[in-house]
Amino acid sequence: MRPKPPDRPAPPGWNRRAVALALVASPVVWTGARAQPARPRRATPSQTEGPFYPLTLPQDADFDLLRNGALNYTQGQPSWLEGSVTDLNGKPLRGAQVEIWQCDHAGHYDHPGDGGRIDKAFQGFGRVTVNAQGEYRFRTIRPVAYGSRAPHIHVKVKLGGRELLTTQLYVAGEPLNQRDFLWRNLRDDDARAALTVPFTPVPDGLRAQLPLVVEV
């Protein structure tokens, strides 16, 4: 057998303990993928506001669209719409306001341009301020189709006096999406996926989640 080579001597003035302590104290330089800066997120696609944004905001404009003043709305499929608002770097956008508006179960908006035929128990419009984590939540119904439009909910994000985003949410798996001109005209499959979310069963109805990424 070849004789084992002798241990390489430590530099003068060093002993094993000093070498070990030096290795622990020395900074670790990581040159792999984890050291790279995070890529900016893709902004949520914008879409038209449409003709039925309220001309005047309703007196009751909180998170619960199933209760309008003293009236309780019992039509449609009760749903939670939840999500977060972040900037392109994933930072929660504190102070942002999220607005939603949609038609009732019969396809009518709270707007004079739609003949004022909305069910008065349905609030039709809601506005919330996100929490410290950028989260928002609404109680509403699963959107319904009307005319040539697939089921959708209008969404707007504001910060201070600025409008940062206006878009629309669609229902995943809805056959009418393919016939909706606004859904089809989204620029690519990724854009459609960003706005098309499942409404999944929960004990008190349905639940949908829509993350919103905005450029500040």
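Report on the accompanying structure. (Residues numbered from 1 in each chain as written. Predicted model: local features only at pLDDT ≥ 70, side-chain atom pairs only at ≥ 80, totals over all residues. Heavy atoms only, no water.)

1. Quick look at the pairing of strand β3 (residues 78-86)
Note the cut-off: Each residue is placed in one exposure class: buried if its accessible area under a 1.4 Å probe, protein chains only, is under 20% of its type's maximum, exposed if it is over 50%, and partly exposed if it falls in between. Starting at the N terminus, helices and strands are each numbered in turn, a helix being any DSSP run of H or I of at least four residues and a strand any DSSP run of E of at least two. Two strands are counted as paired when DSSP detects at least two bridges linking them.
Counted residue by residue, β3 has 7 buried out of 9 residues, so it is predominantly covered. Of the pairings in the sheet, the one linking β3 to strand β6 (residues 135-141) comprises 7 bridges and is antiparallel in character. Bridge assignment links G83 to a residue of β6, and that residue is Y136. When β3 meets strand β11 (residues 205-209), the two strands line up parallel, connected through 4 bridges. Within β11, the residue paired with L81 across the bridge is A208. Pairing between β3 and strand β12 (residues 212-213): 2 bridges, direction parallel. The residue of β12 that forms the bridge with V85 is L212.

2. Re the side chain of R139
Test applied: Positive charges come from Lys and Arg alone, negative charges from Asp and Glu alone, with His and the N- and C-terminal ends not counted. By definition, a salt bridge exists where a carboxyl oxygen of Asp or Glu is found within 4 Å of a side-chain nitrogen of Lys or Arg. Contacts: residue pairs with any heavy atoms within 4.5 Å of one another.
Positionally, R139 belongs in strand β6. One buried charge, R139, has no salt-bridge partner; the nearest side chain with opposite charge is D204, at 4.2 Å. When residues no more than four places from it in sequence are discounted, the contact partners of R139 are F63, D64, L65, L66, P78, S79, W80 and D204.

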